[in-house]
Amino acid sequence: MPRIGDGRSAAQLERDSALHRIGLTRRFAIGAAAALTAGIAVLVSAVAPGRTLGATQYSAAYKAAYQRYLAARASATTPSTKMPPLASPSSLGLVAGAAPQPAPTQSQGPSASQQAQAQAQAQAAAAQAAAAQAAPVQVAAPPPVVVSGGS
Amino acid sequence: VSTGLAAAPITSAWSVWGGTAVVAVLNRDRLELARSAVEETIEAFDRACSTFRADSELSRVNAAGGAAVAIGPVLRDAVAAALRAAAVTDGDVDPTVGGALVALGLDREFGSASSPPTVSFAVVPGWRSVALDPRAGTIRLAPGVRLDLGATAKALAADRAAAAAHEAAGGGVLVGLGGDVAVAGAAPAGGWPVRVTDDHRSGLDARGQSIAIADGGLATSSIVARGHHIVDPRTGAPASDVWRTVSVTAASCLDANIASTAALIRGGAAVAWLSSLGLAARLVSADGRATHVGGWPADGEELV
């Protein structure tokens with residue numbers, strides 16, 4: 001077999017040249033495909049902006065099936081997503097109660113000793129005794145059962 | 001035949017939480033049942049909410065260093081009540097003042113301090129830093145945050161104790177816990193007579209006013225009883241001293257306590273705030289003059 005220059009044969013040189021051309025062609029094909037894809041994307045976005053696959057018109061059967069799926073998913077998750085009960089009014093603000101009353105005072109008729117005294121007074125002055133018996137006698141109010149104060 | 005005279009309430013009193021507990025009933029036979037129910041409630045709140053015992057649930061939460069802690073229903077409800085108090089008062093009553101109380105030396109039970117504390121100020125982290133999950137029964141505090149439920153837990157305990165005593169003993173019941181008063185069941189004719197003063201440890205004849213309540217609760221907050229221990233969450237320092245004592249009645253002792261504590265902190269603006277809420281209140285100024293709002297009676301007032 002004849003040898004040329006660096007010792008490779010003509011067939012080997014031809015083979016290497018063919019392999020080189022294949023490499024170039026492959027790189028050109030990849031670059032061209034990428035450029036073509038980008039060009040098509042630019043073209044589509046310019047022609048139909050905002051369009052997505054989600055806007056595709058689905059069939060009625062597909063829509064019905066999808067609605068059934070959504071309903072089933074909602075019912076399955078209801079227990080964990082249930083809102084808590086509404087708060088009662090008392091939990092939202094301070095609740096006023098009945099205003100306190102003045103401390104109770106007890107009024108009653110005269111005691112036995114007071115009656116005797118009144119009778120003695122009646123012997124001296126009937127009119128004054130009658131007035132004394134008619135008037136209620138103010139006695140001490142019931143003592144408080146508890147002290148409300150700072151602690 | 002009714003004589004029109006009120007039956008004299010029967011009372012039992014004992015020491016608790018550095019103060020006095022009182023239970024009153026209208027039937028002597030029911031007194032022991034009522035007192036037992038109150039004592040059980042107090043013990044449950046002490047185990048859950050006390051910052052004075054290391055084995056309480058609250059002490060465990062405060063020491064958790066930011067980790068979530070499982071808690072029982074009593075502490076859960078007490079924390080929920082405290083957070084609600086903060087919400088309805090725009091943060092004036094804030095359970096995260098625990099750190100500030102420690103800094104001010106006010107974290108010790110009344111009468112237990114052996115020497116004057118060193119006073120400093122601390123920033124109050126704010127009630128929104130508390131993560132309470134009532135359903136899971138857990139609570140998590142940001143690292144360094146300390147809860148103090150003293151402003152609301154005692155009042156909630158009074159409400160719960162009155163309800164428990166009423167359920168156990170039947171009939172009308174009054175419960176007083178350190179100055180916070182709650183009633184349940186039918187009140188005696190004319191209402192439960194209560195003495196309102198600066199300090200609940202003072203006698204029934206201390207200067208103040210005698211009133212009567214028939215339902216709900218009554219709470220008194222004061223800076224007189226054990227010094228100025230009400231902390232303004234916005235400053236971490238003792239609150240203003242416009243009022244020395246504020247008493248409020250409400251549908252519950254808890255709400256009354258929230259309002260009386262917030263009124264002390266709000267100072268001069270408290271009168272309009274209480275009036276806008278329709279709450280009956282008695283406010284005593286620093287110089288000893290009483291102001292009545294919301295239908296609080298003036299009869300028998302000794303401070304004018």
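Residues numbered from 1 in each chain as written. Chains lettered and ligands numbered in written order. Predicted model: local features only at pLDDT ≥ 70, side-chain atom pairs only at ≥ 80, totals over all residues. Heavy atoms only, no water.

### Regarding the overall build of chain B
The number of helices and strands found in chain B is 7 helices and 15 strands. Evaluated residue by residue, chain B yields a buried proportion of 56% over its 304 residues. Within chain B, residue pairs in contact and separated by at least 24 positions form 60% of the contacts whose partners lie at least 6 positions apart. Element-wise, carbon and sulfur atoms account for 53% of the exposed surface of chain B, whose accessible area totals about 12,000 Å². (Helix = DSSP H or I, 4+ residues; strand = E, 2+ residues; numbered from the N terminus. Buried < 20%, exposed > 50% of the residue type's maximum accessible area, 1.4 Å probe, protein only. Contact = heavy atoms within 4.5 Å. Areas by Shrake-Rupley, 256 points an atom, 1.4 Å probe, with all protein chains shown as cover.)

### Notes on the pattern of salt bridges
Residues and elements named next belong to chain B. If you walk through the whole model with that rule in mind, you get 17 salt bridges over all chains. The salt bridge involving Asp77 is made with Arg76; its shortest N-O contact spans 3.1 Å. In this structure Arg76 comes out as partly exposed when scored by relative accessible area, which is 27%. The salt bridge partner of Asp180 is Lys154, with a shortest N-O separation of 3.1 Å. Taken together, the positions of Asp180 in strand 7 (residues 180-184) and Lys154 in helix 5 (residues 150-169) put the pair 26 residues apart, joining distant regions of the chain. Across the pair, Lys154 and Asp180 agree in class, each one buried. (Salt bridge = Lys/Arg side-chain N within 4 Å of Asp/Glu carboxyl O.)

### Considerations on the confidence of the model for chain B
Residues and elements named next belong to chain B. Mean pLDDT over chain B stands at 88; residues scoring 70 or higher make up 88%. Between residues 1-5, whose pLDDT stays under 50, and residues either more than four places distant or in other chains, the model counts 3 contacts. If you check the scores for this complex, the pTM reads 0.70 and the ipTM reads 0.79. (pLDDT = per-residue confidence, 0-100.)

### What to know about the interface of chain A and chain B
Each partner contributes to the interface: chain A provides 30 residues, whereas chain B provides 57 residues. Note on chain A versus chain B: buried area summed over both sides is about 3,200 Å², and carbon and sulfur give 62% of it. Seen at the junction of chain A and chain B, the total is 0 salt bridges. Across the contact surface, chain A and chain B share 13 residue pairs in polar contact (both at pLDDT 80 or more). For the side of chain A that touches chain B, the secondary structure elements donating two or more residues are strand 3 (101-102), strand 4 (107-108) and strand 6 (146-150) of chain A. For the side of chain A that touches chain B, the element with the most residues is strand 6 of chain A, which contributes 5 residues. Residues that form the side of chain A that touches chain B fall into these classes: 18 nonpolar, 12 polar and no charged. Sheet topology note: the strand 6 of chain A/strand 8 (residues 192-199) of chain B ladder contains 4 bridges and is parallel. (Buried area = accessible area lost by both parts, 1.4 Å probe. Polar contact = N/O pair within 3.5 Å; in protein donor to acceptor, adjacent residues only side chain to side chain. Nonpolar A, V, L, I, M, F, W, Y, C, P; charged D, E, K, R; others polar. Pairing = 2+ DSSP bridges.)

### Concerning the pairing of strand 8 of chain B
All names here are of chain B. The buried fraction of strand 8 is high, at 8 of 8 residues. Across 5 bridges, strand 8 lies against strand 9 (residues 209-213) in antiparallel orientation. Residue pairing for strand 9: Trp192 is matched across the bridge by Ile213.

### As for the environment of B:Leu58
In this fold, B:Leu58 is placed in helix 2 (residues 57-62). Ignoring anything within four residues of it in the chain, the contact list for B:Leu58 reads B:Ala48, B:Cys49, B:Ser50, B:Thr51, B:Leu75, B:Leu147 and B:Leu149.

### Observations regarding the sheet that holds strand 4 (residues 130-133) of chain B
Residue and element names in this part refer to chain B. Overall, antiparallel pairing links the 3 strands, which are arranged 3-5-4 in an open sheet. The outermost strands of the open sheet, each flanked by one partner alone, are strand 3 (69-70) and strand 4. Judged from the 4 bridges that link them, strand 4 and strand 5 (residues 138-141) form a sheet pairing that is antiparallel. Bridge assignment links Leu132 to a residue of strand 5, and that residue is Ile139. Sheet strands in contact with helix 3 (residues 73-88) are strand 4 and strand 5, and its direction is about 130° off that of strand 4. (Axes fitted to C-alpha atoms, helices over the stretch in contact; angles between N-to-C directions.)

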